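Overview (structure and organization)
Each chain is listed here by its residues.
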Amino acid sequence: VFYVNGVKVTEPHPEPETTLLVYIRTKLRLTGTKLGCGEGGCGACTVMVSKWDKEKNRIVHFSVNSCLAPVVSMHGYAVTTVEGIGSTKTKLHAVQERLAKFHGSQCGFCTPGIVMSMYTLLRNNPVPDMESIEKSLQGNLCRCTGYRPILGAFRTFSASKNGCPMGDKCCRNKPSEDSKQENGEQQEVHLEDQTDSFSQQYDPTQEPIFPPELLVSKAESDVSLKFVGERVTWYRPTTLDQLTDLKEKFPDAHLVVGNTEIGIETGVKGRCYPVIVTPASVRELSHVKTDNLGIEIGASCILSDLVERLKGIVDERGQNPTQALSSMLEMLHWFAGDQIRNVAVIGGNIMTASPISDLNPIFMACGATAKFMLHSRGERKVPMDQTFFPSYRKTSALKGEVLISVRLPFMRQSEYMKAYMQSKRREDDIAIVNAALRVKFHDGTRKVEEFSAAFGGMAATSVLAQHTMTNIIGREWEDDLIDDVAQWMREDFCLEVNTPGGMVEYREALALSFFFKFYLHVKDLLFKDGISGEKISPEEECTKVPLGGNHHGSISTQTWHEVPDDQPEDDTVGRAVPHHSSQVQVTGEARYTDDIPPYADELHMWLVTSQRCHAHIRDVDIKEAMTSPGFVTYVDHRDVPGSNITGVMKGDCIFAEDKVTCVGQVIGAVVADTYAHAQRAAQLVKVSYEDIFPRILTIEDAIEHVSYYSSANLKVGDADAALKASDHVLEGEMRIAGQEHFYLETNGCLVIPKNEFGEIEIFSSTQNPTDLQLYAAEALGIDINKVVVKVKRLGGGFGGKETRFLVVSNPAVIAANKCGRPVRCILTRQDDMLITGQRHSFYSKYKVGFTKDGKLTSLVNHIYNNGGNTADLSLSVMNRAMLHADGTYKIPNVSITGKTCKTNIASNTAFRGFGAPQSLFIAEDWIQKVAARLGMPPEKVREINMYKEGDTTHFGQILTDFNLPRCWRECLERSNFEERKAKVEEYNLANRWRKRGISCIPTKFGISFGLTQLNQAGALVHIYKDGSVLLTHGGTEMGQGLHIKTIQIASKCLGIPVSQIYVSNTSTETVPNTAPTAASVGSDINGMAVKNACKTLMGRLEQLKKTNPAASWKELIMNAYNERISLSATGFYKTPDIYCDWNKETGECNGMPFNYFTYGAAVSEVEIDCLTGDHVVLQTDIVMDLGRSLNPAVDIGQIEGAFVQGYGMMMMEEPLINEGGSLITRGPGAYKIPGFGDCPRSFNVHLLKNSKNERAVFSSKGVGEPPLFLSASVFFAAKNAVTAARKHSNLSGEFRMDSPATVERIRMCCGDKFTSQEFSPEEFYQLLES
Ligand SMILES: Cc1cc2nc3c(=O)[nH]c(=O)nc-3n(C[C@H](O)[C@H](O)[C@H](O)COP(=O)(O)OP(=O)(O)OC[C@H]3O[C@@H](n4cnc5c(N)ncnc54)[C@H](O)[C@@H]3O)c2cc1C
Ligand code: FES
Ligand code: FES
């Protein structure tokens, strides 16, 4: 029994294996809560749980990942989902309203989870500070917004107020009337000013009450429970005796509290544990007790409760004795997100025995003791020393023992302790290496009496650095200790090159760096305590303060210029109108593919995919699967009635026949009655293989084996001759990793066979309905007119749903056809990442010629991209890369070759930018190196070489309305670049282990599809008798605001308010033969088609309007109807003039492949920690030329979102593949996209004023992809900071830093005494490559 949104739910047969998420979505049909990952890493499934807390004697509210919470664990609790707090039918909750008004929801898939995290915070703290707000969001991810608008929306609940970085120059400081008169120009508009008003203040007294029945039955938690399911029995004992008895009876049973470890094994990995016992109701296990000597923490103590208790104890007893507790608090701040901390317990962390547990090193270093109990024998105390974790994921617990508690001693006099960790992402990420260090001195001296150093991430278990611990005894805490400790620790941790987890050099350097930080920390304390006469040097003071400055308490602005004064109020083009679906998204009412209610006879499909990257299929054995419950059928290539060949270049198979060419390739699919049954049966399908060699996985492998899909040349002038004649020639290479799309909604579809004339209807999350329709028809061998594809909205696409949807849609179509029943297939996050391809990794080897003044004379660039096992869009991606290889610079002689590598990894595909970001990146890399070679500021080299109005590109397109120099200058000015650069230099002189860098990067992005025929669009506009308008066009809504922009266009053309126009969905029934929604042309081409349709309609109404000019719109339409005038029109548009004569053999190219270019510039300032490689983006300023923006709020959202996505690509995200060709980085646990904490602390976006673009609808410009590359400003700012660090180690000149600039690369490129040898970047890269 539990409550959901105030309604009692009684489940007579609760299934222990069912999660709360599955229960509320499928049984209760509350689909607002989303499945984003199933592993606690994205927060899309967040709900609030409320319960009566016996210890606290009050009701408590906490956020929970419902994807990990077993529904049986909810007994006696009240659950609130996004539907329970507000709705469009009644009233939006203040959290929902503000998020919608602040444009904080784009695709909306993350939104309900984010709403619920914030809502839970408000239930506990109605006026939170920004720190609490950010902490509450640590466990939520968003891939669209870049986080700034969400933080902006929620800041309104806090007391803090925003400002503007322009300071006194801010337009808001001028009286508006005066400034208008002064310059006679449009006003600058602050987005925030447009969104400051809410219909409601937040009133916590209006929140729903806790169900009285649950209060009455407080004693429920004293009742022991047993739930028996299909495969699993779940026990909830209430006494220690019952608990230990059960564990002794079932020694292999897991004791599950938070289920944050076990839930991943049972969910994502599909394991089954037949007996589960939850000790959550056993009081003896959740206590926290202190005495004079230390603290005892019960094994079932929940981490967030523990944080509160520890804070209280630290306050009460003071800092010195509680240093171990402060270390725990520091670690727990970064430990997962609130949703995990609210349920996970300390015992789960210890007993999982993870080598990267954040808490175990602290326990080991402080000399903690674990208390176990065996029912038949009683208690046993075990010190947490080097024997406690005997091997990987093992503890010294005996069979049947229960962990009761852990006891930590208080620190004594002259004793110091601190913990450190470094992860790929600062928030919600497990450590690469963590450490807890403790030293005790002989009283009144700095002579070491005791020393402990425990590390995680340095071995298969948490370990003590024993050699170091022994040798250091008796030594004075003096600077000469550092070199000795470095030597001893290298002996303690001599990691093999092939150590699991990799990053060997980095991990060793981190361990030493942590010791060094600890050394300085203690040295400082010894000085303060009057024991050591030596102060740490001013240059080293920086290690004491946290990286960066304030968190997002600082200022961000988003500005543009107001529409002309004479623009009618009803004409919303150019105004900040909220997203079409924002209100239904924030309330969870928005429907995505998997939210479609189940059909009565619906089946579920699970793909059987290859586990080998290159092999013959010897046999597929489905016998065992067929006996699995709910099994219906297995489909493979023999079931395809049409063609098994599919895809853009006809290079894909729907099902592999006798050979597989990548891990994750679809071999077959199991169809079953439920999702869970389909998964279980699919796991029982046995495929045997015979490996084929070679396995070609990387670009280097492809070069070695000459394995290419294509090779193309692009030339102007004579690059080789020009190189010879140049004053300087620079050679370099750069590798840019791929990137996972990580749209929050995975690929999925629901296929409904109509069983009449072979008709079939498909609901999908594709951004390319027409190709899905085509592939389905080809697979079935039927005409396209029998297939209808409908797309309501996507939870993000970014190119990942442009073609690779086919790995799901085609098998589902075959399965539905075979069964004659609806088939649903929604990929898990892990499968989606494995199967559907990513952004292409790139490699470039270049030579650049230039004069002694920095003027470029020649570029020779060999570019490679990793296409994967089928060609898909890889050749087009390479074409775009080659066309953007000039960056923003005029180079008289250019020779580019582009090779697309054929490899044995999942086919790579479109991703926002489509090859251009990689190519632009390479261009900025050589610019930066030219500057380094000449000792010139990189900005200067950029300015000298930047194109000018009327220049011709290397592919023969003339640049007109070339606004880049304006963006560039304005960005430098608005960001106060010169002054800040001087300050950065000052800062770098004053600090040894922290460095800052600042960089300004320009961008020029060509707008159009590479394939001319794709540059067309259609629209269909119906006006109904009541005057309301139904708009359809060929584009899909994936969060980018396409629907609202087309509504604004229609509203302007028809002269009616946006509220009268509606877009329902995208369907191949209404607009045929559409281009994919991609290439940043969605609004350009669909908007024009809509405009043309509206023009036709207005033409038909013209006479009537003239006859009765006073008629309202409604009257006009009724008159037209009575006059039998057609109120429905199609519109069509094709982009004019574009062409490209490119001879890929000779390299000659002449044409106008792009309709126009979108320009922008960004300045970013970054601070790095030279000892760990960590970084923070202090400020980013962007100026973007979007012509006359159709909707500045939506466009700024695109800029911010693209920027943060690009930031992920360049600073953090790195897909890793093992030597068997299997993607290791699957799911948010292993693959880190930026989180809230990674958003620049001050993030300012401005749209260039007085820009026009006659080549697109209402003078606007495409925005989806162009801003992504601007995040290179962060990369190069970080590189500049690294350059400053290298100067200290006497390392000068250019150096190679590949993308992404992960913590590892930044640290290793800094190069100092803690990196193992005399630093050589080439050696480092050779090591990485090996
Ligand atoms: C998204 C995410 C982020 C995470 N981030 C971090 C992080 O930053 N740092 C980190 O260290 N960990 C992290 N973890 C790991 C995990 O959350 C912790 O290890 C947590 O403390 C486990 O507690 P639990 O109650 O959920 O364990 P459960 O999954 O319930 O149980 C885990 C194991 O502990 C055993 N166990 C539990 N209690 C007892 C007992 N009393 N006696 C004997 N055995 C027992 C169980 O049998 C089981 O084998 C993360 C996990 C997720 C999903
Ligand atoms: S779906 Fe639960 S955290 Fe991602
Ligand atoms: S709006 Fe956050 S993931 Fe799309």
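Residues numbered from 1 in each chain as written. Chains lettered and ligands numbered in written order. Predicted model: local features only at pLDDT ≥ 70, side-chain atom pairs only at ≥ 80, totals over all residues. Heavy atoms only, no water.

In the annotation of an unreviewed UniProt entry, the chain is listed under the name Xanthine dehydrogenase/oxidase and assigned to Ciona intestinalis. Per its UniProt entry, the chain bears the Subcellular location (unreviewed entry) comment "Peroxisome". Quoted verbatim from the Sequence similarities (unreviewed entry) field of UniProt, the annotation for the chain is "Belongs to the xanthine dehydrogenase family." (UniProt positions renumbered as here; feature names shortened; annotations may be inferred.)

1. Details of the confidence of the model for the chain
Low pLDDT marks regions whose predicted coordinates should not be analysed in detail. Scored by pLDDT, the chain has a mean of 94; 95% of the residues are at 70 or more. Note on residues 172-183: pLDDT under 50 across the span, and 15 contacts to partners over four residues away in sequence or across chains. (pLDDT = per-residue confidence, 0-100. Contact = heavy atoms within 4.5 Å.)

2. Looking at the UniProt feature "binding site: Mo-molybdopterin" (unreviewed entry) in the chain
UniProt's feature table lists "binding site: Mo-molybdopterin" (unreviewed entry) at Gln767, Phe798, Arg912 and Ala1079, given in the numbering used throughout. These annotated residues cover 313 residues of sequence, and their C-alpha atoms lie no more than 12.6 Å from one another, placing them together at a single site. Along the polypeptide, Gln767 turns up in the loop between strand 32 (760-764) and helix 24 (769-780). Beyond its immediate chain neighbours, meaning those up to four positions away, Gln767 contacts Leu794, Gly797, Phe798, Gly799, Gly800, Lys801, Glu802, Thr1036, Met1038, Pro1076, Thr1077 and Ala1078. A distance of 3.1 Å separates a polar side-chain atom of Gln767 from the backbone nitrogen of Gly799. Along the chain, Arg912 falls in the loop between strand 37 (893-902) and helix 28 (916-934). Judged by relative accessible area, which is 9%, Arg912 ranks as buried. If we skip the residues at most four places from it in the chain, Arg912 touches Phe798, Arg839, Pro917, Gln1198, Gly1201, Ala1202, Gln1205, Gly1264, Glu1265 and Leu1268. Separated by 3.1 Å, the side chains of Arg912 and Gln1205 make a polar contact. (Helix = DSSP H or I, 4+ residues; strand = E, 2+ residues; numbered from the N terminus. Polar contact = N/O pair within 3.5 Å; in protein donor to acceptor, adjacent residues only side chain to side chain. Buried < 20%, exposed > 50% of the residue type's maximum accessible area, 1.4 Å probe, protein only.)

3. Focus: the site of ligand 1
In the vicinity of ligand 1 lie 30 residues, with His254, Gly258, Thr260, Glu261 and Asp358 positioned nearest. In the environment of ligand 1, an oxygen atom lies 2.8 Å from a nitrogen or oxygen atom belonging to the side chain of Glu261. A distance of 2.9 Å separates a nitrogen atom of ligand 1 from a polar atom in the backbone of Leu403. Across the complex, the protein chains shield 93% of the 1000 Å² of accessible surface that ligand 1 would expose by itself. (Near = heavy atom within 4 Å. Areas by Shrake-Rupley, 256 points an atom, 1.4 Å probe, with all protein chains shown as cover.)

4. Side note on the sheet that holds strand 19 (residues 463-464)
Taken together, four strands build an open sheet; the order of strands is 16-17-18-19 and the sheet is antiparallel. Unpaired on one side and paired on the other, strand 16 (415-423) and strand 19 mark the two borders of the sheet. By the bridge criterion, nine bridges tie strand 16 to strand 17 (residues 431-441) in an arrangement that is antiparallel. The residue of strand 17 that forms the bridge with Glu415 is Lys440. Contacting strand 16, strand 17 and strand 18 (448-456), helix 18 (residues 504-528) crosses the sheet at an angle of about 145 degrees to strand 16. (Pairing = 2+ DSSP bridges. Axes fitted to C-alpha atoms, helices over the stretch in contact; angles between N-to-C directions.)

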